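Spelled out from the first residue to the last, the chains are:
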Amino acid sequence: MENVSSHKHFILDGFSELGALRPVLFIPFFIMFIVSLSANSLLLYVVISQRSLHSPMYILMAGMAVVDLSLPLFFVPNMLLSFLFGWRGISLTGCLVQMHFIHFIGTFQSTLLVWMALDRYFAICTPLYHHEHMALPKFLKFIIPFVVRNVLLVTLLVSLAGTLSFCAGNVMNHCFCEHMALVELACGSTAINNLVGLLTVFLIPVVDFIFITASYVVIFSSVLKSGRSGVKALHTCITHIMVITVGLILGQVAFLSYRIRNGLPAAIRVFTSTMYLLFPSCFNPIIYGIRTAEIRQHILKTLTCCRFVQTVPHS
């Protein structure tokens, strides 16, 4: 039997259909990258610097800001360089490392929303024991299982991708190392990779969404039955639901675009999977900053102080 060499170097060729217009994509994606970095950094700074915001709800929002700040750093700079200078090459090892960090950090976008839903459940349904339930020693029983699940599934997903032989080609129609985009280049059976991919999608975002939905159903039922106004508490819940809805819609579109082709242009698939990672990083800090009164007030105060310092004449 003739030996077929496996590619160890790949070309990230996303949006190649645009031809000479491809460098223009640098502008919108660079703007989104700057918005993501600045908005999440500001949100994180405000929560850390203000002692009044050192409560479970705001700490979890800061955790989401860390995720949204970190995620774009693993793929957007390379993508921007690719648009501007045509630097498209990546090694198999580099591809797998990038894939692991993107998928691992990305899992916490939904997992943090689970922890936020639990915080709202304890705050609204058992207000007298809220701080007791959210104390770190007790809350660890909700943290550890989710973290272990995310680590094991993502590590398994990436490890299986690393065992494949890539003799079908080395041009990946994507802007970063996405799991399905890499697996498509493999020769031989990829059934186990597809199965683990589907299992990972079900056990992480789908299970998280079911858990979150159940939590908010109980929360709304509790408020309606008790006759309490609960307007302030529900206001935060609605903010979380808005974030969940946007993430879920983008995630489903990105997932289905790879499994139900129907003549869908490759550029659309690349765009949806890229926006699934990048758009929430821009949207989340803005929506939390606008809709959460305490954070909004401190952000305005911080920005006002910065403007005041800049306008004060030096003696």
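All of the points below concern the structure found in this document. (Residues numbered from 1 in each chain as written. Predicted model: local features only at pLDDT ≥ 70, side-chain atom pairs only at ≥ 80, totals over all residues. Heavy atoms only, no water.)

### Regarding the pattern of salt bridges
Move 1: For the coordinates displayed, the defined rule picks out 4 salt bridges.
Move 2: The partner of Arg149 in a salt bridge is Asp208, with the nearest N and O atoms 2.9 Å apart. Separated by 59 residues along the polypeptide, Arg149 in helix 6 (residues 136-162) and Asp208 in helix 8 (residues 191-226) bring together distant segments of the chain. No difference in accessibility class separates Arg149 from Asp208, as the two residues are buried. (Salt bridge = Lys/Arg side-chain N within 4 Å of Asp/Glu carboxyl O. Helix = DSSP H or I, 4+ residues; strand = E, 2+ residues; numbered from the N terminus. Buried < 20%, exposed > 50% of the residue type's maximum accessible area, 1.4 Å probe, protein only.)

### Looking at the nonpolar core
Move 1: Membership of the largest hydrophobic core comes to 62 residues, with the highest contact counts inside it found for Phe15, Phe29, Phe75, Phe83, Leu113, Trp115 and Tyr288.
Move 2: With 12 residues, the top contributor of residues to this core is helix 4 (residues 92-125).
Move 3: Counting 19 residues, the second-largest nonpolar core is a separate cluster that includes Ile90, Leu96, Val158 and Leu164. (Core = buried A, V, L, I, M, F, W, Y, C linked by side-chain atoms within 4.5 Å.)

### Thoughts on a nonpolar patch on the surface
Move 1: Taken together, the side chains of Leu18, Leu21, Val24, Ile27, Phe30, Ile31 and Ile34 make up a nonpolar region of the molecular surface, amounting to roughly 620 Å² of accessible area.
Move 2: Inspection of the secondary structure puts Leu21 in the loop between strand 1 (9-12) and helix 1 (26-49). (Patch = residues over 30% accessible without salt bridge, like charges linked within 9 Å, V, L, I, M, F, W, Y side chains within 5 Å. Areas by Shrake-Rupley, 256 points an atom, 1.4 Å probe, with all protein chains shown as cover.)

### Details of the pairing of strand 1
Move 1: Side chains Phe10 and Leu12 of strand 1 all project onto a buried face; the interleaved residues His9 and Ile11 project onto a face where none is buried.
Move 2: Here 3 bridges tie strand 1 to strand 2 (residues 89-91), and the two strands are oriented antiparallel to one another. Counted as the bridge partner of Phe10 is Ile90 from strand 2.
Move 3: When strand 1 meets strand 3 (residues 171-172), the two strands line up parallel, connected through 2 bridges. By the bridge assignment, Ile11 is partnered in strand 3 with Val171. (Pairing = 2+ DSSP bridges.)

Just geometry here; none of it tells us what the structure is for.
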